[in-house]
Amino acid sequence: MIRDQQPDDDAVVRQLVEDAFRGRPYSDGSEAPIVEALRAAGVLTVALVAEEDGEIVGQVAFSPITINGTARDWYGLGPVAVRPDRQGQGIGQALIRAGLDRIRALGAEGCVLAGAPGYYGRFGFAADPRLQSPGIPAQYFLVLPFGAEVPDGTVTFHAAFGVEP
Ligand SMILES: CC(C)(COP(=O)(O)OP(=O)(O)OC[C@H]1O[C@@H](n2cnc3c(N)ncnc32)[C@H](O)[C@@H]1OP(=O)(O)O)[C@@H](O)C(=O)NCCC(=O)NCCS
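Here's a quick rundown of the structure. Keep in mind that what you see is a predicted model, and the values were worked out from it rather than measured.

The subject of this paragraph is the pairing of strand 3 (residues 55–67). Of all the 13 residues making up strand 3, 10 are buried; the element is thus mostly covered by neighbouring parts of the structure. Direction of pairing for strand 2 (residues 46–52) relative to strand 3: antiparallel, over a ladder of 7 bridges. The residue bridging L48 from the neighbouring strand is V60, located in strand 3. Hairpin connection between strand 2 and strand 3: a loop of 2 residues separates the two successive antiparallel strands, and D53 in this loop has a positive phi of roughly 50°. Two strands pair when backbone bridges link them, and strand 3 and strand 4 (residues 70–82) are joined in this way by 8 bridges, in the antiparallel orientation.

Right, let's get into the site of the ligand. In the vicinity of the ligand there are 20 residues, among which Y26, G88, G90, G92 and Q93 approach most closely. At 2.5 Å, a side-chain N or O of Y26 approaches an oxygen atom of the ligand. Within the complex, 68% of the 890 Å² of free accessible area of the ligand lies under protein. Secondary-structure elements contributing two or more residues to the shell around the ligand are helix 1 (10–21), strand 4, helix 3 (91–105) and helix 4 (117–120). Classifying every residue of the shell around the ligand gives 11 nonpolar, 7 polar and 2 charged.

Further remarks concern empty space enclosed by the protein. The final tally for this structure, using the stated rule, is 1 cavity of 30 Å³ or more. Roughly 40 Å³ of volume is contained in the largest cavity. If you go around the largest cavity, the residues you meet are Q5, D10, V13, R14, A32, V35 and E36. Those elements that provide at least two residues to the lining of the largest cavity are helix 1 and helix 2 (31–40). Across the lining of the largest cavity, the residue classes break down as 3 nonpolar, 1 polar and 3 charged.

Cis geometry is found at the peptide bond from G78 to P79, where omega equals -5°. As for its placement among the helices and strands, P79 is situated in strand 4. Non-glycine residue N68 carries a positive phi angle of around 50°. Positionally, N68 belongs in the loop between strand 3 and strand 4.

Reading guide: rules and limits
Residues numbered from 1 in each chain as written. Predicted model: local features only at pLDDT ≥ 70, side-chain atom pairs only at ≥ 80, totals over all residues. Heavy atoms only, no water. Buried < 20%, exposed > 50% of the residue type's maximum accessible area, 1.4 Å probe, protein only. Helix = DSSP H or I, 4+ residues; strand = E, 2+ residues; numbered from the N terminus. Pairing = 2+ DSSP bridges. Near = heavy atom within 4 Å. Polar contact = N/O pair within 3.5 Å; in protein donor to acceptor, adjacent residues only side chain to side chain. Areas by Shrake-Rupley, 256 points an atom, 1.4 Å probe, with all protein chains shown as cover. Nonpolar A, V, L, I, M, F, W, Y, C, P; charged D, E, K, R; others polar. 1 Å grid on protein atoms, 1.4 Å probe; cavity = no way out; pocket = protein on both sides within 12 Å on 5 of 7 lines; lining within 4 Å. Points joined across faces, edges and corners; volume = space filled by probe spheres on them.

Structural data, given as structure tokens:
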């Protein structure tokens, strides 16, 4: 079952995100505090959890980004995490697809993320020379437009992504 994350879920989600990212070479340990900082800033536009037998087994968050400093109907995906013992069973894909549907229904024009092209390509994400984000290597900065238009420019994620680990 996929549902909206509630404030009551925060402690479980924090633990899950920490466990999922622990030891990953691309993690600096800030992913769990990022979710909380996004909520505290009121910019957790969509936050979903996957629940099975009453236990939370996965989480995904979406927050607004800016392009060339201007707010647009574009969102950043992340963090996304699945409990280590439940990875590779389709939970991440289900969460991401449900989340993309939700932001599309809110009128989003597209979504961006930093991640592995081999995983996110299945949802239609791809590097796009029109958009970049400082500090993220071009091949890992992935874009999914929902319409024909992709603005040119520099993407900035919400300041919550700069929270200390
Ligand atoms: C990434 C993550 C959210 C995917 O969720 P999941 O439920 O494990 O993945 P799914 O079952 O939906 O998909 C499994 C597929 O993803 C692939 N996959 C998982 N992580 C991948 C990665 N980093 N790069 C490429 N492929 C990846 C698996 O090989 C598998 O491929 P297949 O469908 O061709 O067999 C989860 O593995 C996770 O929490 N990882 C640790 C935290 C993390 O890295 N988050 C994303 C940071 S960008």
